[in-house]
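One letter stands for each residue in the lines below.
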Amino acid sequence: MDRWLVIAALLGLLGFALWFAYRQWTLVDFDVPAWAWWSMGLGAGLTFLVGGGLMALIFYSSRKGYDEPPDKIDPPDHQD
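(A) Just the overall build of the chain, in detail. Along the chain, the regular secondary structure elements total 2 helices and 0 strands. Taken over the C-alpha trace, the chain has a radius of gyration of 26 Å; the compact-globule value for 80 residues is 12 Å, which it surpasses by more than 25%. Its C-alpha atoms put the chain at 85 × 50 × 25 Å along the principal axes. The 80 residues of the chain split such that 2% are buried. When the accessible area of the chain is evaluated, it comes to approximately 8,400 Å², of which 68% is carbon and sulfur surface. In the chain, which carries 5 positive and 9 negative side-chain charges, the distance between the mean positions of the two groups comes to 12 Å.

Here it is as structure tokens:
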């Protein structure tokens with residue numbers, strides 16, 4: 001019962017947030033120039049490209065063993 005209550009509360013909050021965002025979106029009326037749309041698209045594309053590259057580096061370093069904890073190296077015994 002608790003799980004369903006939490007799910008219902010979260011869905012209610014999501015619905016309220018979507019309704020509020022839609023209401024605010026429809027209240028404002030202005031035109032965005034084409035260069036602004038292109039800039040936002042380019043920024044979003046580059047963001048996804050950088051995020052994908054970083055994820056690829058994480059997988060690469062994990063497969064190559066770079067994420068393993070370092071081995072303890074004992075210092076050599078110095079005997080005079």
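This is not the end of the story, as more comes after the structure.
(B) Quick look at the packing of aromatic side chains. Taken as a whole, this structure holds 2 aromatic pairs when the rule is applied. A ring pair is formed by Phe16 and Trp19, whose centres lie 5.9 Å apart and whose planes are at 35 degrees; its orientation type is tilted. One end of the pair, Phe16, and the other, Trp19, are both in helix 1 (residues 2-27), 3 residues apart, so they sit about a helical turn from each other. Its relative accessible area of 51% is what places Phe16 among the exposed residues. Classification of Trp19 by relative accessible area gives partly exposed; the value is 49%. Among the aromatic side chains, those forming a connected cluster through ring pairs are Phe16, Trp19 and Phe20.

(C) Representation of the side chain of Ser61. The topology assignment puts Ser61 in helix 2 (residues 34-64). At a separation of 3.1 Å, a polar atom in the side chain of Ser61 contacts the main-chain carbonyl oxygen of Ile58. Setting aside residues no more than four positions away along its own chain, Ser61 makes contact with Tyr66 and Asp67.

(D) Region of the structure containing the environment of Met1. Note that Met1 resides in the segment before helix 1. Considering only alpha carbons, one finds Met1 and Leu49, 48 residues apart in sequence, at a separation of 42 Å.

(E) Highlighting the environment of Val6. Checked against the element boundaries, Val6 lands in helix 1. Between the alpha carbons of Val6 and Pro70 there is a distance of 42 Å; along the sequence they are 64 residues apart.

(F) Spatial organisation of a nonpolar patch on the surface. Nonpolar side chains collect at one region of the surface, where Leu27, Val28, Phe30, Val32, Trp37 and Met40 lie side by side and expose about 640 Å² of accessible area between them. One can find Val28 in the loop between helix 1 and helix 2. By relative accessible area, which is 47% here, Val28 ends up partly exposed.

Conventions we followed
- Residues numbered from 1 in each chain as written.
- Predicted model: local features only at pLDDT ≥ 70, side-chain atom pairs only at ≥ 80, totals over all residues.
- Heavy atoms only, no water.
- Helix = DSSP H or I, 4+ residues; strand = E, 2+ residues; numbered from the N terminus.
- Rg over C-alpha atoms; globule rule 2.2 N^0.38 Å.
- Buried < 20%, exposed > 50% of the residue type's maximum accessible area, 1.4 Å probe, protein only.
- Areas by Shrake-Rupley, 256 points an atom, 1.4 Å probe, with all protein chains shown as cover.
- Lys, Arg positive; Asp, Glu negative; His and termini not counted.
- Charge placed at Lys NZ, Arg CZ, Asp CG, Glu CD.
- Phe/Tyr/Trp six-rings, centres within 6.5 Å; stacked < 30°, edge-to-face > 60°.
- Polar contact = N/O pair within 3.5 Å; in protein donor to acceptor, adjacent residues only side chain to side chain.
- Contact = heavy atoms within 4.5 Å.
- Patch = residues over 30% accessible without salt bridge, like charges linked within 9 Å, V, L, I, M, F, W, Y side chains within 5 Å.
- Salt bridge = Lys/Arg side-chain N within 4 Å of Asp/Glu carboxyl O.

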